[in-house]
Amino acid sequence: ELKVEQNPLFLSMQEGKNYTIYCNYSTTSDRLYWYRQDPGKSLESLFVLLSNGAVKQEGRLMASLDTKARLSTLHITAAVHDLSATYFCAVGRETSGSRLTFGEGTQLTVNP
Amino acid sequence: AAGVIQSPRHLIKEKRETATLKCYPIPRHDTVYWYQQGPGQDPQFLISFYEKMQSDKGSIPDRFSAQQFSDYHSELNMSSLELGDSALYFCASSNNDGGRGTYEQYFGPGTRLTVT
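Please read all numbers here as calculations on a predicted model, not as lab measurements.

Re unusual backbone geometry
Okay, step 1: Cis rather than trans, the peptide bond between A:Asn7 and A:Pro8 has omega equal to 0°.
Okay, step 2: Of the consecutive residues B:Ser7 and B:Pro8, the connecting peptide bond is found in the cis state with omega at -10°.
Okay, step 3: Located in the positive-phi region is B:Glu51, a residue other than glycine, with phi close to 50°.
Okay, step 4: Relative to the helices and strands, B:Glu51 resides in the loop between strand E5 (44–50) and strand E6 (53–57).
Okay, step 5: Positive phi outside glycine occurs at B:Tyr72, with the angle close to 75°.
Okay, step 6: Its relative accessible area of 24% is what places B:Tyr72 among the partly exposed residues.

Some words on the side chain of A:Thr106
All names here are of chain A.
Okay, step 1: Relative to the assigned elements, Thr106 resides in strand E11 (residues 106–111).
Okay, step 2: For Thr106, a relative accessible area of 0% translates into the label buried.
Okay, step 3: Here the side chain of Thr106 touches Pro8 through a polar contact of 2.6 Å, landing on its backbone oxygen.
Okay, step 4: Every residue in contact with Thr106, bar those within four places of it in the chain, is listed here: Gln6, Pro8, Leu9, Leu11, Ile21, Ala85, Thr86 and Tyr87.

Some remarks on the interface of chain B and chain A
Okay, step 1: Taken together, the 26 residues of chain B in the interface contact 23 residues of chain A.
Okay, step 2: Across the interface of chain B and chain A, roughly 1,800 Å² is buried in total on both sides, 51% from carbon and sulfur atoms.
Okay, step 3: Joining chain B to chain A, the criterion identifies one salt bridge.
Okay, step 4: As a salt-bridge pair, B:Asp56 and A:Arg99 come within 2.8 Å of each other at their nearest N and O atoms.
Okay, step 5: Here chain B and chain A share 10 residue pairs in polar contact (both at pLDDT 80 or more) between them.

Considering the sheet that holds strand E8 (residues 74–78) of chain B
Residue and element names in this part refer to chain B.
Okay, step 1: The antiparallel open sheet is built from four strands, whose spatial order is E1-E3-E8-E7. Sheet topology places strand E1 (5–7) and strand E7 (64–68) at the edges, where each strand pairs with a single neighbour. This sheet shows a mean twist of 15° between the axes of neighbouring strands, independent of strand direction.
Okay, step 2: Here five bridges tie E7 to E8, and the two strands are oriented antiparallel to one another. What sits directly across from Ala66, in E8, is Leu76.

Topic: the state of the cysteines
Residue and element names in this part refer to chain A.
Okay, step 1: One pass over the structure, following the stated rule, counts two disulfides over all chains.
Okay, step 2: Between the sulfur of Cys23 and that of Cys89 lies a disulfide, 2.1 Å long from S to S. Residues Cys23 and Cys89 are joined through a disulfide that is right-handed, its torsion about the S-S bond being 80°. One end of the pair, Cys23, is in strand E3 (residues 19–25); the other, Cys89, is in strand E9 (residues 85–92), with 66 residues separating them in the sequence. Each member of the pair, Cys23 as well as Cys89, is classed as buried.

Considerations on the pattern of salt bridges
Okay, step 1: Under the defined criterion, the tally for this structure stands at five salt bridges over all chains.
Okay, step 2: When salt bridges with common partners are traced through the structure, they connect B:Arg63, B:Glu82 and B:Asp85 into a single cluster.

Rules used throughout
Residues numbered from 1 in each chain as written. Chains lettered and ligands numbered in written order. Predicted model: local features only at pLDDT ≥ 70, side-chain atom pairs only at ≥ 80, totals over all residues. Heavy atoms only, no water. Helix = DSSP H or I, 4+ residues; strand = E, 2+ residues; numbered from the N terminus. Buried < 20%, exposed > 50% of the residue type's maximum accessible area, 1.4 Å probe, protein only. Polar contact = N/O pair within 3.5 Å; in protein donor to acceptor, adjacent residues only side chain to side chain. Contact = heavy atoms within 4.5 Å. Buried area = accessible area lost by both parts, 1.4 Å probe. Salt bridge = Lys/Arg side-chain N within 4 Å of Asp/Glu carboxyl O. Pairing = 2+ DSSP bridges. Axes fitted to C-alpha atoms, helices over the stretch in contact; angles between N-to-C directions. Disulfide = S-S within 2.5 Å.

Below is the structure:
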């Protein structure tokens, strides 16, 4: 059974600081996704990582994938309050209709 | 850009009642997925359909059923509702793109189901 683990689960940081969220998964997988969710809202797709060594950046967020280590990271640079949300990583397969298996989520709070 | 549409957005039912949730995927998306998210939890996969055929099945209770119709919209039918069914239900859609797609799932706004 595929397991996806994130850490930390809760992260409180000051504006302007940097931090990394880690996502480990237990079996070989084709694809790694990062989503953002605000309280009571939908899941917003941030990144799709398709191959070993993939790195993607959008604004203050950068995601990377190491398939050999079964590890993905989401790095936050110079955090701002607007980044406060819950971040999920999810693992999927290269098959039509196959499920996403989510990590527990990291609840990020950026304090002024 | 068009997004996934879900209806209703909020639903209040009593125990043992029945509920039907509807999902309209992004145009030209051929795959729909259903997820259940309890408070403070990660989304749990229920079921998916690709080209109107069931594609993958997760921990969906036998009291629930779903289907995808010829226009690609999907409905999740829930019977004999229990208090524990109270959750946010998300539909997502993706485009297989002939096997070339990223299979990226785009999520709808969700239906908040409250069972009293």
